[in-house]
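So the chains spell out like this:
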Amino acid sequence: MSTPATPQHGFSTRALHAGQEPDPATGAVVTPIYQTSTYKQDGVGGLRTGLGTGYEYSRSGNPTRTALEIQLASLEQGHQAFAFASGLAAEDAILRALLKPGDHVVVPNDAYGGTYRLVKRVAEPWGVEHTPADLTSLDAVRAAIRSGTTRLVWVETPTNPLLSIGDIAALAELAHEVGALLVVDNTFATPYLQTPLTLGADLVVHSTTKYCGGHSDVVGGAVVVRAGDDGRGEDLAERIGFHQNAMGAVPGAFDSWLVQRGLKTLGVRMDRHCENAERIVEFLLGHPRVASVLYPGLPEHTNHAVAARQMSRFGGMISFRTRGVEDALQVCKSTELFTLAESLGGVESLIEHPGRMTHASVAGSLLEVPDDLVRLSVGIEDVADLIADLDSALA
Ligand SMILES: *Cc1c(COP(=O)(O)O)cnc(C)c1O
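Keep in mind it's a predicted model, so treat the numbers as computed, not measured.

Rules used throughout
- Residues numbered from 1 in each chain as written.
- Predicted model: local features only at pLDDT ≥ 70, side-chain atom pairs only at ≥ 80, totals over all residues.
- Heavy atoms only, no water.
- Near = heavy atom within 4 Å.
- Polar contact = N/O pair within 3.5 Å; in protein donor to acceptor, adjacent residues only side chain to side chain.
- Areas by Shrake-Rupley, 256 points an atom, 1.4 Å probe, with all protein chains shown as cover.
- Helix = DSSP H or I, 4+ residues; strand = E, 2+ residues; numbered from the N terminus.
- Contact = heavy atoms within 4.5 Å.

(A) Structural view of the site of the ligand. Around the ligand lies a shell of 13 residues, among which L88, D185, S207, T209 and K210 are the nearest. Interatomic distance of 2.9 Å between a backbone N/O atom of L88 and an oxygen atom of the ligand. Between T209 and the ligand, the recorded distance is 2.7 Å, taken from a side-chain N or O atom to an oxygen atom. Here the ligand loses 92% of its free accessible area of 380 Å² to cover by the protein chains. Element by element, the count of residues in the shell around the ligand is highest for helix α3 (residues 87–98), at three residues.

This is how it looks when you write it as structure tokens:
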């Protein structure tokens, strides 16, 4: 599909224009929700052209979804993007498209709980092995790699909920040395703050449910494959694209449209998320009931220098440790503006207790998180109100 946005345009220009040209049939400025499963053929096998290539059936392709995929590929500076029904469906497509029984994956030792469950409870019984590793240490990753069978190194940065930082460029180099691919879950940073494909990653995966959608009103996912003229991006695109259609975990037109609308304001939202988070970090650091604050923007953060190199700012997620599990639970149930809920990345602020909520499924495993930990997804409300809310919850 032709698109008025070029790779030379700025981020928000691409967010608004890549894949978003007026509808060729009506001139509608906003991509219509093509709520159709099938398409009239002009003669047997005569697919219409126009908006991209011919459409025949909406599992294989739908113009609303195509518009989202072009927008996402442009924002991540990748070769091609594929939209899925959820972040986990996108992850599953990567695992099944690129692995076979006997292969091995290195995963973060504080991976998103659902990612770990997918690798442990779905991929492992199917014959794909994994080793959790501390991705902040290149030595730990090197030690986890099994030469000859490690096909993927899976990275989250910042991680959830400990907000640790992996060095994408160094990890890509390490993975490539052993013939493995580097996958980066870019859900927390978003392409506004960090573009892993430009740092050497082969694939980016998203839960578009979070910042990309941004309004807590849609569940979705995406895979974006790297650009470059060595043909590897094309090869990955073919394999992911084949599985997207063959397994069929695709988003509907309305969900595709919602994520597209969210992406248009990603830049302005992220600026505000970051700004509010920075102010809240400052507040928490000065509070006697807070034992420590985990935020990659802090100079004392273990991998702050790496974060500063690969991210333009440090995001809207903050975790902090209290002085015991009771305090953590008390704060979580005492806020009024921060809503007690799982998920993250929406315009409204959320608070949660990872140990008993998002990460309950990894209790007792290597991925268990401290029980005095509280996670904030800082929204775009007025920051003074957010600070007052936390202040009274901590009192
Ligand atoms: C939410 C999330 C996922 C899973 O995405 P769903 O859309 O819930 O399936 C994967 N990775 C990270 C970092 C997430 O936050």
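Still more to cover.
(B) Examining the environment of A180 more closely. Inspection of the secondary structure puts A180 in the loop between α6 (168–177) and β5 (181–185). Excluding anything up to four places from it in sequence, A180 contacts T150, R151, L152 and A175.

(C) Spatial organisation of unusual backbone geometry. At the junction of T157 and P158, the peptide bond is cis and its omega measures out at -5° in the coordinates. Inspection of the secondary structure assignment puts P158 in the loop between β4 (150–156) and α6. Cis rather than trans, the peptide bond between N160 and P161 has omega equal to 5°. Take P161: it is sitting in the loop between β4 and α6. Its identity as a non-glycine residue notwithstanding, L163 has a phi of 55°, on the positive side. Tracing the backbone through its elements, the reader meets L163 in the loop between β4 and α6.

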